[in-house]
Amino acid sequence: LIYSGTSEQTTSEAEFPSTNGPNALIITNSRRAVLHASRSVDSLYVACRFDIGDNVLTVGSAANSNERAFVVMSEAGALRVRDVGQSESYFPIGTTAFAPVWVKNSGQADAVRVNVVRDSGKAANGGRVNLLWTVTEDLAGGGDYSLRFGWMSSFEDATFRSNRDRDARIFFMADTTERGSGGYVSNFYAQPFWLARSGYQKLGAFAVGNFRLGTAVSEPGADHPLEFVLLQNYPNPFNSMTTIRFSVPEELMVKLIVYDLLGHKVDTLVDERLKAGLHSVQWDAAKHASGLYIYKLTAKDFLQTKKMTVLK
């Protein structure tokens, strides 16, 4: 089923019934196309904006032609992808501009719905992206999700735009806590910008920003003692500057060294005695060539390495 007119079109029961309808839906209408009711298709392709309003559009897969073509919706609407599993599923959605989501599930495969609306509430500890994404699964529990949220620069507030490296974190907005596990992976050099992290067993409303002091590494305390942790640098890949965060549980000598793939030492970022706590250091790779590098943290009996990529 193709909608390709140059004047506004709305789907109807006649050509898009609730049962025995088309297998594929293609939106190339340069004016506007509107979904009249919740429907299901095997594949969706949008070359223009497609307004689904309060409806839920269920698809097996979705694709778009460029960042100006996406699905828009109200707070009640959603794009739903069936059987989200270990292969990343793509949700080409947006509001006034493109705000896509990618979802991967290493747990029990399930259908996932994603909604996005504008939200300009204040971020308490820095800047934010003025969007609220709501991600839900059909059957709660059993999933282990990786989430990747994308946005255009027009959604960023001035504070976020001035320091994406500091403020780009994923927060679960039901309790305004930073969720997920492991390091962040990001792209801040080509739009849509995006930020990704894994380890989500609970889904709901998410935002990107700096809404409170970071919780990517547990704070010291009786219930959450600090431990040796080396986080993935962010952004990654990066052009010249990246941030590496790590924690140590006690005061001791710490070394953080960058190597190339041949094992040659490139830079020593830390070589000193540090107090227990969370630490961060920046690496300026402006003088180094594009490619893959390894950074290694050693402290006492702890040794861990991670990879990072310089792109110029």
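What counts and what doesn't
Residues numbered from 1 in each chain as written. Predicted model: local features only at pLDDT ≥ 70, side-chain atom pairs only at ≥ 80, totals over all residues. Heavy atoms only, no water. Salt bridge = Lys/Arg side-chain N within 4 Å of Asp/Glu carboxyl O. Buried < 20%, exposed > 50% of the residue type's maximum accessible area, 1.4 Å probe, protein only. Core = buried A, V, L, I, M, F, W, Y, C linked by side-chain atoms within 4.5 Å. Helix = DSSP H or I, 4+ residues; strand = E, 2+ residues; numbered from the N terminus. Contact = heavy atoms within 4.5 Å.

**Focus: the pattern of salt bridges**
Working step 1: On inspection of all chains with the given rule, the structure shows 15 salt bridges.
Working step 2: Between Arg164 and Glu156 there is a salt bridge, and its shortest N-O distance comes to 2.7 Å. This pair shows no difference in class: Arg164 is buried, exactly as Glu156 is.
Working step 3: Note that Arg179 and Asp175 form a salt bridge whose closest N and O atoms lie 2.9 Å from each other.
Working step 4: For Asp175, a relative accessible area of 33% translates into the label partly exposed.

**Comments concerning the nonpolar core**
Working step 1: Counting residues in each nonpolar core, the largest one holds 54 residues, and the members touching the most others are Leu44, Phe50, Ile93, Trp133 and Trp151.
Working step 2: Element by element, the count of residues in this core is highest for strand E14 (residues 145-151), at 4 residues.
Working step 3: Discounting chain neighbours no more than four positions away, the residues touching Ile93 are Phe70, Val71, Met73, Leu79, Phe98, Ala99, Pro100, Val101, Val114, Val116 and Trp133.
Working step 4: Membership of the second largest hydrophobic core comes to 23 residues, among which are Val254, Leu269, Val270 and Tyr295.

**A short note on the environment of Ile2**
Working step 1: Take Ile2: it is sitting in strand E1 (residues 2-3).
Working step 2: On the accessibility criterion, Ile2 (52% relative accessible area) is exposed.
Working step 3: The sequence separation of Ile2 and Asn29 amounts to 27 residues, and the corresponding C-alpha distance is 8.8 Å.

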